[in-house]
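Single-letter residue listing:
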Amino acid sequence: MRTRLLSLLLLLSLATATHAQQTANKPDRVKWFQDLGFGMFIHWNVDVSLGTVISHSLAGASDDYVNRYMKELPTFFNPKKFDPDEWATMARLAGMKYVVFTTKHHAGFCMFDTKTTTFNVMNTPFKRDVTKEIIDAFRKQGIAIGLYFSPEDFLFFHQNGIPLGRLQDKRQFPMNNPKLMEYDKAQIKELLTNYGKIDIMFFDGPGDGLREYAWSLQPELVITRDAMNTPEQNIPDKASPRPWEACYTMGTDWQYKPTNDPHKSGTEIINMLIEIRAKGGNFLLNVGPKPNGEIQIEQEALLREIALWNFANGESIYAVKPFPVIRDKDIWFTQSNDERTIYAFIAKKRDDEWKYGQRREFLFPIIEGTAATKVEVLGYGSELVEYVNNFDASIRSVATPLGLAVSAVNGQRFYTNRTWPNAVVLKISNAKFKAPEEKKTSKSGIDGAQ
């Protein structure tokens, strides 16, 4: 009898532990996410036909504008050049390891096949589940799948007499609105049960009660926004506690903007990637596809420039962590997770700062080398410079009391004119961090020394 009672108590204890509510990302999954480093954000919604800010034009809009938005815009959504395989191939080429797609933005329009509302992509001339096609295409490229979801829903607000806006009325928060909570959960259940394993969830809004529900459906899910710091259009001034993720547009808007939208240069974006990784963050870079489904040419060109840089230097940004000193003047650092390799990013202020075929000398006061230290230029064999005979392109390095001294030639010829504006990366093996010496000084108090 006693044995049976103990067995029953043990089973009850195990059942309780099994059903304990998950309240945080699993640590091993967070580490996995941090090692991905670089991802593609995709903003695409029914209002792309107008080229307006995604969803937010509804906030404070007139009833006529809102009603026409809800009724008329779905009739224009018909992206005849939509090719998610092209998107996914471009993302993989650029070195992006995960994607986050806007399944439902604040407007409430669902870019997936849902039974919760008719305000969805299946009720457009396109009549295809774009979310499913995007997931399938990116999975084929080995890219981790992330879904953006807005708990706030302007269509729901409009139908229930709630002001259209964000975080201004307590009824806009699912925790304060049981009907909204039920509605959101129904959609999250569809997303997390109809499309296989989802790796990442981005809750853009109040996620209390929803993130726990999401984890109950897929415990391995990594929730980024709402469970970690995800600054928009901003990089913290210094290394932040991990995990964190910086979200940036290429131009000035998230969704496709057809007019007056200056884009960042490829060099700016590559330097942002370097800085974010040096500070321990992930970089989620946005594209805004056009109404016809194509990625706009300006953004494709930038992705290809990033792809070229990443093709040569990718190992320096994946499975890495911050170096104890993340920057020395204009040189940024990362280190491999096992601390066996240090990467030094030599950024350029001008295109001609480190010319093709030119040798430069560097002194790294914070790196301690040994006789076994090896230095390489990523993407370059350091054996020759094209068309130049009897040229010594070898790398020289020596450990000195002042730090590791390196002499290297830039032999990367990526463009015909031999001008490449982006950072060159040095890979330093068998070396370690050398803490800067702090010398205490004192000032004489003698008259005249003040």
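Residues numbered from 1 in each chain as written. Predicted model: local features only at pLDDT ≥ 70, side-chain atom pairs only at ≥ 80, totals over all residues. Heavy atoms only, no water.

To be explicit about the condition: UniProt positions are given in the numbering used here, feature names are shortened, and annotations may be inferred rather than shown by experiment.
As recorded in an unreviewed UniProt entry, the protein chain goes by alpha-L-fucosidase and comes from Dyadobacter endophyticus. Entered under Sequence similarities (unreviewed entry) in the UniProt record, the comment concerning the protein chain runs "Belongs to the glycosyl hydrolase 29 family." Turning to the protein chain, the UniProt annotation filed under Function (unreviewed entry) states: "Alpha-L-fucosidase is responsible for hydrolyzing the alpha-1,6-linked fucose joined to the reducing-end N-acetylglucosamine of the carbohydrate moieties of glycoproteins."

**Here's the deal with the UniProt feature "domain: Glycoside hydrolase family 29 N-terminal" (unreviewed entry) in the protein chain**
We count it as follows: For helices the rule is a DSSP run of H or I covering at least 4 residues; for strands it is a run of E covering at least 2, with both sets numbered from the N terminus onward.
Within the UniProt annotation, "domain: Glycoside hydrolase family 29 N-terminal" (unreviewed entry) is assigned to residues 23-315. This span, residues 23-315, is 34% helix and 12% strand, and a straight line between its end C-alpha atoms measures 33 Å.

**A word on the pattern of salt bridges**
Cut-off, in case you're wondering: We define a salt bridge as a contact between a side-chain nitrogen of Lys or Arg and a carboxyl oxygen of Asp or Glu at a distance within 4 Å. Each residue gets one of three labels from its accessible area relative to the maximum for its type: buried under 20%, exposed over 50%, partly exposed in between, using a 1.4 Å probe on protein chains only.
As enumerated under the stated definition, the model contains 29 salt bridges in all. The partner of Glu-315 in a salt bridge is Lys-427, and the shortest N-O contact between them spans 3.2 Å. Here the residue Glu-315 occupies a position in the loop between α10 (297-313) and β8 (320-328), and Lys-427 occupies one in strand β16 (residues 424-429), the gap between them amounting to 112 residues. Assessed through its relative accessible area of 17%, Lys-427 is described here as buried. A salt bridge links Lys-349 to Asp-330; the shortest N-O distance between them is 3.3 Å. Of this pair, Lys-349 sits in the loop between β10 (341-346) and β11 (359-364) while Asp-330 sits in the loop between β8 and β9 (331-336), placing them 19 residues apart in sequence. If you follow the salt bridges from partner to partner, you end up with Glu-152, Arg-166, Asp-204, Arg-225 and Glu-232 in one network.

**Things to note about the packing of helix α9 (residues 266-278) against α10**
As a reminder of what qualifies: Throughout, an axis means a line fitted to C-alpha atoms (over the contacting stretch in the case of helices), and angles, computed between N-to-C directions, take values from 0 to 180 degrees. Reported orientations rely on four angle classes, namely roughly parallel under 35 degrees, roughly antiparallel over 145, roughly perpendicular from 65 to 115, and oblique for the rest. Here a crossing is called left-handed whenever its near helix is offset anticlockwise from the far helix by less than a right angle, and right-handed whenever the offset is clockwise. Contact between two residues is taken to exist if any of their heavy atoms lie within 4.5 Å; hydrogens are not considered.
Relative to each other, α9 and α10 sit at 50°, their axes nearing to 9 Å. One way to sum up the angle between α9 and α10 is to call them oblique. Regarding α9 and α10, the two cross each other, and that crossing is right-handed. Of the residues in α10, those in contact with Gly-266, Thr-267, Ile-269, Ile-270, Leu-273 and Ile-274 of α9 are Leu-302, Glu-305, Ile-306 and Trp-309.

**Quick notes on the packing of helix α4 (residues 84-93) against helix α5 (residues 130-140)**
Heads up, the rule is: Residues are sorted three ways: Asp, Glu, Lys and Arg are charged, Ala, Val, Leu, Ile, Met, Phe, Trp, Tyr, Cys and Pro are nonpolar, and all the rest, Gly among them, are polar.
Their axes nearest at 8 Å, the elements α4 and α5 cross at an angle of 40°. Regarding the angle of α4 to α5, the classification is oblique. Crossing of α4 against α5: the hand is right-handed. Listed contacts from α5 to Pro-84, Asp-85, Trp-87, Ala-88 and Ala-91 of α4 are Glu-133, Ile-134, Ala-137, Phe-138 and Lys-140. Broken down by class, the residue content of the contact of α4 with α5 amounts to 7 nonpolar, no polar and 3 charged.

**Some thoughts on the packing of aromatic side chains**
To be explicit about the condition: Stacked, tilted and edge-to-face are the three classes applied to pairs of Phe, Tyr and Trp rings, where Trp contributes its six-membered ring and a pair requires centres within 6.5 Å; stacked means planes under 30 degrees apart, edge-to-face means over 60, and tilted covers the rest. Any Lys NZ or Arg CZ that is within 6 Å of a ring centre and within 35 degrees of that ring's normal is treated as a charge sitting over the ring.
One pass over the structure, following the stated rule, counts 26 aromatic pairs. Members of the aromatic cluster, connected to one another through ring pairs, are Phe-323, Phe-333, Trp-354, Phe-362, Phe-364 and Phe-433. Taking the ring centre of Trp-32 as reference, the NZ or CZ of Arg-29 above it sits at 4.0 Å. The lysine or arginine in question, Arg-360, covers the ring of Trp-354, its NZ or CZ lying 5.5 Å from the ring centre.

**Remarks on the pairing of strand β2 (residues 98-104)**
So the rule is basically this: Should DSSP find at least two bridges between two strands, the strands are regarded as paired. Handedness is read with the strands pointing away from the viewer; a crossover is right-handed when the path from the first strand over the helix to the second is clockwise.
Burial analysis of β2 places 7 of its 7 residues in the buried class, which makes it a mostly covered element. With 4 bridges joining them, strand β1 (residues 38-42) and β2 adopt parallel strand pairing. The partner of Gly-39 across the bridge, within β2, is Tyr-98. Where β2 and strand β3 (residues 144-149) come together, 6 bridges link them in parallel fashion. From the neighbouring strand, Tyr-98 faces β3, where its bridge partner is Ala-144. In this fold, β2 hands off to α5, which returns the chain to β3; that crossover is right-handed.

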